[in-house]
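Observations on the three-dimensional arrangement
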There are 2 protein chains.
Amino acid sequence: MDFKIRAATKEDCKDVSRMIMELAVYEKMPDQVKISHEGFTVVGYALYFYTYSTWKGRSVYLEDLYVMPEFRGNGIGKGLLSKVAEVGKKKQCVRLQLSVLNWNTPTRDFYAAKGAQDLTVSEGWHFIRFDGQNLDNLANEAPKD
Amino acid sequence: MDFKIRAATKEDCKDVSRMIMELAVYEKMPDQVKISHEGFTVVGYALYFYTYSTWKGRSVYLEDLYVMPEFRGNGIGKGLLSKVAEVGKKKQCVRLQLSVLNWNTPTRDFYAAKGAQDLTVSEGWHFIRFDGQNLDNLANEAPKD
């Protein structure tokens, strides 16, 4: 199957937004409901940004990687992942990092097959989040300047 | 004990760099060796940046939080954490996120006491990393434009 990996444009926003919803459904997070689409040509997306390690310097972080179910198995996900790695290397990143859900074994296997380390397993890193009232409480207790 | 939370300046780089090394030693990562310091007045630091969630928008990510051992228990770590939360809220962030090592129970308890969720426990998120040869291999396999 022929496909092309390219940077998104403003015109892709509708397609990308549709696939953000599809990814949410795949990840079994509720309150992500109705999807309808027809005649699409954009069938996957990768969303990334840069982070910073005080030990290693700049890293690239892959927030979302998604390929529509009917187009999987054609190397599109691999193409998107490789492209983000290439972009990161060009920007002097020494790491490409991302997060994946424990139950999502097809995706965990996909990354492992490409040589990724699972740092939660090997080093014991946990993800911590403040949001909602907890975040408000923290912010309100900040020392005054 | 009196302390002041403030944004770092260029002049703080030497102190911050010293504490980056101290944090590495605390986190039991090797090849972080010799430290010497005297007459410091900067005794802790927080390093953060912004990330992006396609579901929730902008988040603030706390990469490092450190207080020198002899100054712990005075609310300095709490002050730094609260300040980052305040800065994040001012920038419209709806989440403050960070990572912590499994064995580091004092720190995990510290965050939990302030209401943080452990997403690795509650939702099963794992941290994945490509680096070194694996990252090079990925980048070299990127589809040509």
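So, here's what we can say about the structure. (Residues numbered from 1 in each chain as written. Chains lettered and ligands numbered in written order. Predicted model: local features only at pLDDT ≥ 70, side-chain atom pairs only at ≥ 80, totals over all residues. Heavy atoms only, no water.)

**Here we look at the overall build of chain A**
Quick note on the threshold: In this text, helices come from DSSP runs of H or I with a minimum length of four residues, and strands from runs of E with a minimum of two, each type numbered from the N-terminal end. For every residue, the accessible area obtained with a 1.4 Å probe (protein chains only) is divided by the maximum for its type, and the residue is called buried under 20%, exposed over 50%, and partly exposed between those limits.
Helices and strands together make up the secondary structure of chain A, namely five helices and five strands. Scanning chain A from its N terminus toward the C terminus, one meets helices and strands in the order α-β-β-α-β-α-β-α-β-α. When the backbone C-alpha atoms are referred to their principal axes, chain A occupies close to 55 × 35 × 30 Å. Every one of the 145 residues in chain A was classed for burial, and the buried ones make up 45%.

**Some points on the relation of the copies chain B and chain A**
Here is the rule we go by: Copy-to-copy alignment: least squares on C-alpha atoms, limited to residues at pLDDT 70 or above in both. By definition, residues are in contact when any of their heavy atoms lie within 4.5 Å.
Screw-axis analysis of chain B against chain A gives a translation of 0.0 Å along the axis, an RMSD of 0.0 Å, and a rotation angle of 180°. The transformation just described matches what one would write down for a two-fold rotation axis. In this assembly, 100% of the residues forming the interface of chain B have copies in chain A that are likewise at the interface, indicating an isologous arrangement.

**Observations concerning the interface of chain B and chain A**
Selection rule: The term buried area means the drop in 1.4 Å probe accessible area that two parts suffer when joined, counted for both and summed. Basic side-chain nitrogens of Lys or Arg form a salt bridge, by our definition, when they fall within 4 Å of a carboxyl oxygen of Asp or Glu. What qualifies as a polar contact is a pair of N or O atoms within 3.5 Å, subject to a donor-acceptor requirement within protein and to the restriction that residues adjacent in sequence count only when both atoms come from side chains. When residue character is reported, Ala, Val, Leu, Ile, Met, Phe, Trp, Tyr, Cys and Pro are called nonpolar, Asp, Glu, Lys and Arg charged, and the others, Gly included, polar.
The partner chain A presents 63 residues to the 63 residues of chain B that form the contact. Summing the contributions of chain B and of chain A, the shared interface buries around 6,600 Å²; its carbon and sulfur component is 60%. Across the pair D136(B) and K89(A) runs a salt bridge whose closest N-O atoms are separated by 2.5 Å. At the surface where chain B touches chain A, the tally comes to 32 residue pairs in polar contact (both at pLDDT 80 or more). With eight residues, helix α2 (residues 76-90) of chain B is the largest single contributor of residues to the side of chain B that touches chain A. Among the residues making up the side of chain B that touches chain A, the classes are represented as 29 nonpolar, 16 polar and 18 charged.

**Observations regarding the environment of L47(A)**
Structurally, L47(A) is set in strand β1 (residues 44-53). Residues L47(A) and E63(A), spaced 16 residues apart in sequence, show a C-alpha to C-alpha distance of 5.6 Å. Those residues within four positions of L47(A) in sequence are excluded, and the remaining contacts are Y61(A), L62(A), E63(A), D64(A), Y52(B) and T54(B).

**A closer look at the packing of helix α5 (residues 132-140) of chain A against α2(B)**
For the record, the criterion: Axis lines are fitted through C-alpha atoms, for helices just across the contact stretch, and the angle between N-to-C directions can take any value from 0 to 180 degrees. With respect to orientation, any angle under 35 degrees is reported as roughly parallel, any angle over 145 as roughly antiparallel, any angle of 65 to 115 as roughly perpendicular, and every other angle as oblique. Should the near helix be turned anticlockwise from the far one by less than a right angle, the crossing is left-handed, and should it be turned clockwise, the crossing is right-handed.
Packing of α5(A) against α2(B) leaves a shortest axis separation of 7 Å and a crossing angle of 110°. The angle between the axes of α5(A) and α2(B) places the two elements in the roughly perpendicular class. Crossing of α5(A) over α2(B) shows left-handed handedness. Seen from α5(A), the contacting residues are L135(A), D136(A), L138(A) and A139(A); seen from α2(B), they are K78(B), L81(B), S82(B), A85(B), E86(B) and K89(B). Split by residue class, the contact of α5(A) with α2(B) holds five nonpolar, one polar and four charged.

**Observations concerning the sheet that holds strand β5 (residues 125-131) of chain A**
This is how it is decided: We treat two strands as partners when DSSP finds at least two bridges between them.
Read across the open sheet, the five strands follow the order β1(B)-β2(B)-β3(B)-β5(A)-β4(B); overall the sheet is mixed. Looking along the sheet, the strands with just one partner apiece sit at the ends: β1 (44-53) and β4 (117-118) of chain B. Where β5(A) and β4(B) come together, two bridges link them in antiparallel fashion. If you follow R129(A) over to β4(B), its bridge partner there is Q117(B). Running over the sheet, α5(A) touches β5 of chain A together with β3 (95-101) of chain B and is turned about 80° from β5(A).

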